[in-house]
Amino acid sequence: MSRTGDGIPFEKQEFARRLALVKKEMDRHEMDTLLVSEPSNIYYLTGYEAYSYYVFQMLVVHRDLDEPVWIGRFMDAVSVRRMTHLSETAIRPYTDEYVQSSERDPVDFLVAQLRDICPTLNSIGTETGSFYYTARTHTKLLGSLPEKRFVDAELLINWIRIRKSPAELAIMREAGKISNAMITDAVEAARPGMRECDLAAVIYRRMISGTEEYGGVQPSSPTYLLTGERSGEPHAPWSDRLIGTDLPVNVETSGCRRRYHAPISRTIFLGTPPDSYLRLSNAVVEGIEAALAKVKPGVTCADVERVWQATIARHGFHKEARLGYSIGIGFSPTWGERTASLRSSDLTVLEPGMAFHMMPGLWLGDNGVTITQSFIVTETGREDLTSFPRQLVIK
């Protein structure tokens with residue numbers, strides 16, 4: 001169950017369950033050691049959520065050790081002690097001499113710790129696709145441990161994370177309530193003549209203050225806020241230009257609660273939309289409703305996406321990009337889990353406890369509309385994480 005304040009977000013038993021699942025998967029891949037570099041996966045196994053991943057850090061999981069071992073900068077060890085259930089022997093900090101140094105490499109410290117703490121060190125898994133596992137780190141490890149077998153463990157933990165526990169889902173519901181409040185404030189504040197950055201500030205104020213029950217934190221991706229002819233750009237930054245009249249304002253953002261996300265996107269049209277834009281938005285709404293109705297255990301990601309494409313095709317539209325992606329824990333640069341996608345080639349079968357952001361945004365050059373829905377797959381269908389109406393907001 002989620003806790004307020006800054007305590008450890010889950011009980012020991014929850015982390016023990018997760019570690020057991022990871023070790024089972026390690027056995028299947030015949031590895032005795034796993035090096036975890038992705039902050040989302042470190043958080044998943046320990047609860048450690050400090051913003052220390054700009055320097056070298058690693059979590060070591062060994063099949064014969066009762067707990068993971070954290071390796072990171074000395075000044076961050078105090079946060080590990082507060083945020084996790086790890087014992088003192090499982091916290092191995094390195095000195096500041098290793099930080100961005102041309103004389104010392106923290107991989108050397110890691111290798112020394114591996115030799116000290118691992119009962120065996122034969123087959124080592126690494127997250128080769130992680131944003132935080134560099135080519136330099138991998139090259140250094142290969143050179144330092146030439147006699148060892150290295151195994152690609154990319155997304156091993158991510159695929160375990162795709163099925164959320166009841167405790168995780170409770171936190172995601174809290175994130176969804178923050179997302180609702182954020183988009184509600186954005187709709188109320190948006191007006192012609194205000195600067196894009198000032199509207200973004202309204203969203204960020206609610207993002208951090210959260211609700212009366214609980215606060216929020218900075219999510220893993222920035223808020224995307226594009227207006228007018230720039231509404232056809234999905235990921236560009238806002239500016240300080242004035243918002244005009246008779247144009248769309250696209251907002252994609254997410255509430256974040258204990259690193260769990262519930263993204264939401266809405267389009268606010270300031271003024272009177274032309275018939276062509278209404279046809280576009282109506283097609284998107286019809287498509288997302290049809291696709292959401294398809295969601296239930298047993299269907300595939302591809303099944304859901306095909307319903308969406310067939311629906312918007314009747315209106316003369318096609319979306320090249322995927323319809324959505326799995327969500328949960330997120331650290332920069334993304335709140336996506338990098339696993340299942342709602343696309344025609346993905347045959348992942350939906351199961352209870354999975355969560356997705358259905359993102360049927362259509363960006364058409366100098367025009368676009370984004371109306372999305374985050375949801376949980378339940379035993380009988382789905383549960384929406386946000387409740388803001390799925391429709392074009394005309395103001």
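Residues numbered from 1 in each chain as written. Predicted model: local features only at pLDDT ≥ 70, side-chain atom pairs only at ≥ 80, totals over all residues. Heavy atoms only, no water.

> Looking at this model, I keep getting lost on the nonpolar core. Mind explaining?
It is characteristic of soluble globular proteins that their nonpolar side chains tend to be buried jointly. One finds Leu34, Val60, Leu110 and Leu141 to be the most contacted residues of the largest nonpolar core, which totals 70 residues. Look past the residues within four positions of Leu34 in its chain and what remains in contact with it is Val22, Met26, Leu59, Val60, Val61, Gly125, Ala153, Leu156 and Ile157. Among the nonpolar cores identified, the runner-up in size contains 28 residues, and Ile162, Val284, Met358 and Val369 belong to it. (Core = buried A, V, L, I, M, F, W, Y, C linked by side-chain atoms within 4.5 Å. Buried < 20%, exposed > 50% of the residue type's maximum accessible area, 1.4 Å probe, protein only. Contact = heavy atoms within 4.5 Å.)

> Whenever I open this one, the pattern of salt bridges confuses me. Can you help?
Enumeration over the complete set of coordinates arrives at 32 salt bridges. For the salt bridge of Arg338 with Glu154, the shortest nitrogen-to-oxygen distance reads 2.8 Å. On the criterion of sequence distance, the pair formed by Arg338 in strand β11 (residues 334-342) and Glu154 in the loop between β6 (149-152) and α6 (156-161) is long-range, its members being 184 residues apart. Overall, Arg338 belongs to the partly exposed group, its relative accessible area being 25%. The class for Glu154 is partly exposed, based on a relative accessible area of 24%. One salt bridge in this structure joins Glu174 and Arg257, with 2.9 Å as the shortest N-O distance. (Salt bridge = Lys/Arg side-chain N within 4 Å of Asp/Glu carboxyl O. Helix = DSSP H or I, 4+ residues; strand = E, 2+ residues; numbered from the N terminus.)

> How should the side chain of Gln113 be read in this particular structure?
Structurally, Gln113 is set in helix α4 (residues 106-117). Residue contacts for Gln113: discarding those within four places in its chain leaves Ile71, Arg92 and Cys118.

Interpretation in functional terms is not warranted from these geometric data alone.
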